[in-house]
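The chain contents come next:
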Amino acid sequence: MRRRNLCVFAAVVLLWLAADIATKAVCNGYGLGEVIAGPFLGLVQFRLAHNTGAAWGMFGDSTFALGVMSLLVCAALAAYLIATARRANLVEVVGIALVVAGGLGNALDRFTLGYVVDFIDTTFIEFPTFNVADIGVTCGFVLFFVGMLWGMRRDGLTTACADTGQPGADDAADEAAGPSGDVPRTGDACGPQGR
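Engineer: Before we go on, may I ask you to explain the pattern of salt bridges in this structure?
Structural biologist: A pair can form between side chains of opposite charge whenever their charged atoms are brought close. Counting across every chain of the model gives 3 salt bridges. A salt bridge links K24 to D20, with the shortest nitrogen-to-oxygen separation between them at 2.9 Å. With K24 and D20 both in helix α1 (residues 2–27), this residue pair falls 4 residues apart, about one helical turn. You can call K24 buried: its relative accessible area is 3%. Across the pair D109 and K24 runs a salt bridge whose closest N-O atoms are separated by 3.0 Å. Within this pair, whereas D109 is found in helix α3 (residues 90–112), its partner K24 is found in helix α1, the two being separated by 85 residues in sequence. A residue is classified by how much of its surface remains accessible, and D109, at 7% relative accessible area, is buried. Through salt bridges with shared partners, a single network forms among D20, K24 and D109.

Engineer: Help me out: how do you make sense of the environment of T63 in this one?
Structural biologist: Within the element layout of this structure, T63 appears in helix α2 (residues 63–84). Distance in space between the C-alpha atoms of T63 and N51 is 8.4 Å, their sequence separation being 12 residues. Setting aside residues no more than four positions away along its own chain, T63 makes contact with T52, R110, G114 and Y115.

Engineer: Mind showing me how you'd approach the packing of α2 against α3 here?
Structural biologist: Two measures define how a pair of helices packs: the angle their axes make with one another and the distance between the axes. For the pair α2 and α3, the least separation of the axes is 9 Å and the interaxial angle reads 155 degrees. Taken together, the axes of α2 and α3 lie roughly antiparallel to each other. The handedness of the crossing between α2 and α3 is left-handed. Between α2 and α3, the residues in contact are T63, F64, L66, G67, V68, S70, L71, C74, L77, Y80 and L81 and E92, V93, I96, V99, V100, G103, L104, A107, R110 and F111, respectively. Classifying every residue of the contact of α2 with α3 by side-chain character gives 15 nonpolar, 4 polar and 2 charged.

The rules behind each value
Residues numbered from 1 in each chain as written. Predicted model: local features only at pLDDT ≥ 70, side-chain atom pairs only at ≥ 80, totals over all residues. Heavy atoms only, no water. Salt bridge = Lys/Arg side-chain N within 4 Å of Asp/Glu carboxyl O. Helix = DSSP H or I, 4+ residues; strand = E, 2+ residues; numbered from the N terminus. Buried < 20%, exposed > 50% of the residue type's maximum accessible area, 1.4 Å probe, protein only. Contact = heavy atoms within 4.5 Å. Axes fitted to C-alpha atoms, helices over the stretch in contact; angles between N-to-C directions. Parallel < 35°, antiparallel > 145°, perpendicular 65-115°, else oblique. Left-handed = near helix turned anticlockwise from the far one by under 90°. Nonpolar A, V, L, I, M, F, W, Y, C, P; charged D, E, K, R; others polar.

Laid out in structure tokens, this is it:
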């Protein structure tokens, strides 16, 4: 489980970071403020923007400090994953990987360019221009918290079943799985014995 989780983490980070770097490189070849493509379905267009702060113009011209903060958050999340890799679920792993990839992508911009390359611009609502890294950070945090809640629920069921002397949902599934790996449906989270 630990090796699988670390491999998934590394693969998602590398793929998302590569996508972020590639899209920024293409879009940064256009003029600042130039519409590169779109609008698409009246919802979004690609328009180049350079951001030296955070979203909505917060912390303007604090690009170095924001880059350092991004690296610290990435390091903390990676350390958390390494410490919990044996029992982390796949949703948590992918969520952390997306946040780390997004944080690294934007930090790389801040340290090498002095600004973040943004290009995804909503046309149906007033919203800050963003990029692939920002999508990773936002979706990653959502997945991370969903995964944590799912893990806490699973751990709660396992503990409740252990208190009654019955196998937990995971244990029961392992015990009940036949040669084909199919698990009979019992409708009971504590396994086939019932309550």
